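Topology and contacts: notes
Single-letter residue listing:
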Amino acid sequence: MEQKRPKSDLTPDAILEAALFLTERDGIEFSMRDLGASLGAWPNTIYAFYPSKEALQAALIDHILDTFYTHGAGQRLLDDEIEWQVRITDLALAAFETLSQYHGVGRKLTHFGMFGEQAGLRFFSRLLKFYTSIGFETRRAGVIMQVTGFFVYEMSDLEAAVQRGEANHRIA
């Protein structure tokens, strides 16, 4: 019988790293049993660090978006030295790449982000600041934000839609 890792060897960072791997491989709806197995621990030990699967998913989304914003297009979004058309194109392509890598995160982001998760709030706050910085009044920027949220939601699952033969319908 395989010996389980003692709870004291687990850390929030180790759990998050394993959850990132599983999200890339299986999508964000991975099982806590699979996560525990990948850590060599009982699934219940994870709850000592994250009170629920939803709390772990929120931390995972926070981590993915924080990484996105500290590297590449996310960081360049508010750089006034770059034309806004280039910034929004770079952002869209980088967001698509990131959300395709972590299946299901875009859908969770649109659900969590609108209701108070920190990364979601930062994501939409940066977009709002960007849209107002290029001349949109706040109310119109809010409408564009809703459209952006819709595209994040739809495009995040495009790879799976391609595999199911639904991509043309999604893109249309």
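So, a few notes on the structure that sits alongside this text. The structure displayed is predicted, hence computed values, not measured ones.

Scanning the protein chain from terminus to terminus reveals 11 helices and zero strands. Listing the helices and strands of the protein chain from first to last along the sequence gives α-α-α-α-α-α-α-α-α-α-α. For the protein chain, with 172 residues in total, the buried portion stands at 40%. In the protein chain, the share of contacts with a sequence separation of at least 24, taken over all contacts with a separation of at least 6, comes to 61%. When the accessible surface of the protein chain is split by element, carbon and sulfur atoms take 55% of a total near 10,200 Å².

Turning our eyes to something else, we now look at the pattern of salt bridges. Within this structure, the stated rule accounts for three salt bridges. One salt bridge connects Asp26 with Arg25, and the closest N-O pair in it is separated by 2.8 Å. Look at Asp26 and you get partly exposed, because its relative accessible area is 41%. Residue Arg25 is classed as partly exposed on the basis of its relative accessible area, which comes to 49%. Across the pair Lys53 and Glu29 runs a salt bridge whose closest N-O atoms are separated by 3.9 Å. Taken together, the residues span a long stretch of sequence, with Lys53 in helix α4 (residues 53-70) and Glu29 in the loop between α1 (12-26) and α2 (32-39) at a distance of 24 residues. The exposure class of Glu29 is exposed, given its relative accessible area of 52%.

This brings us to the environment of Leu65. As for its placement among the helices and strands, Leu65 is situated in helix α4. Separated by 40 residues in sequence, Leu65 and Val105 place their C-alpha atoms 9.8 Å apart.

Glancing now at the side chain of Thr23. Along the chain, the position of Thr23 falls in helix α1. In terms of polar contacts, Thr23 uses its side chain to reach the backbone carbonyl oxygen of Ala19, at 2.8 Å. Apart from the residues within four sequence positions on either side, Thr23 is in contact with Ile28, Phe30, Leu60, Gln101, Tyr102, His103 and Val105.

Let us look at the packing of aromatic side chains. Under the definition given, this model contains two aromatic pairs. Each ring, one from Phe130 and one from Tyr131, has its centre 5.4 Å from the other, and the planes form 55 degrees; the classification is tilted. Comparing Phe130 with Tyr131, the two get one shared label, buried. When the centroid spacing of 6.1 Å and the interplanar angle of 90 degrees are considered together, the rings of Tyr131 and Phe136 count as edge-to-face.

With that out of the way, let us pick up the nonpolar core. Counting 38 residues, the largest nonpolar core has Phe30, Leu35, Leu39, Leu56, Leu60 and Leu127 as its most contacted members. Among the elements of the structure, α1, α2, α4, α6 (84-101), α7 (105-113), α8 (118-133) and α9 (138-155) are those that each provide at least two residues to this core. Tallying contributions element by element places α4 first for this core, with eight residues. Aside from chain neighbours lying at most four places away, what touches Phe30 is Ala19, Leu22, Thr23, Leu35, Lys53, Leu56 and Leu60.

This paragraph deals with the environment of Phe136. As for its placement among the helices and strands, Phe136 is situated in the loop between α8 and α9. In this structure Phe136 touches Tyr131, Ala141 and Ile144, once residues within four positions along its chain are discounted.

Within α2 the residues assigned to the buried category are Met32, Leu35, Gly36 and Leu39. Angularly, the buried residues of α2 cover 100 degrees about the axis, an arc narrow enough to put them on a single face. Exposed side chains of α2 directed beyond 90 degrees from the buried face belong to Arg33 and Ala37. Turning to α2, the residues buried within the fold contact α1, α3 (43-46) and α4. Two residues or fewer after α2 comes Gly40, characterised by a positive phi angle close to 70 degrees.

Reading guide: rules and limits
- Sequence order as written defines the numbering, with residues in each chain counted from 1.
- Local features in this predicted model are restricted to residues whose pLDDT is 70 or higher, and side-chain atom pairs enter the listing and the counts only when it is 80 or higher, whereas totals over whole chains, interfaces and linings include all residues.
- Heavy atoms throughout the structure, all of them, feed into the side-chain values; hydrogens and water do not.
- We count a stretch as a helix when DSSP gives it H or I for four or more residues in a row; a strand needs E for two or more, and each element gets its number in order from the N terminus.
- Exposure categories follow from relative accessible area, calculated using a 1.4 Å probe and restricted to protein chains: below 20% of the type maximum is buried, above 50% is exposed, and the middle band is partly exposed.
- Contact criterion: two residues are considered in contact whenever any of their non-hydrogen atoms come within 4.5 Å of each other.
- Calculation of accessible area relied on Shrake-Rupley with a 1.4 Å probe; when residues are assessed, cover is drawn exclusively from the protein chains displayed.
- Note on definitions: salt bridges are taken to be side-chain nitrogens of Lys or Arg within 4 Å of carboxyl oxygens of Asp or Glu.
- Nitrogen and oxygen atoms within 3.5 Å of one another constitute a polar contact, given that in protein one can donate a hydrogen and the other can accept it, and given that sequence-neighbouring residues count only through two side-chain atoms.
- To pair, rings of Phe, Tyr and Trp, with the six-membered ring standing in for Trp, must have centres within 6.5 Å; the planes then decide the type, stacked if under 30 degrees apart, edge-to-face if over 60, and tilted in the middle.
- Here, nonpolar core refers to any group of buried Ala, Val, Leu, Ile, Met, Phe, Trp, Tyr and Cys residues whose side-chain atoms link them within 4.5 Å.
- Note that the arc is defined by the directions from the helix axis to the C-beta atoms.

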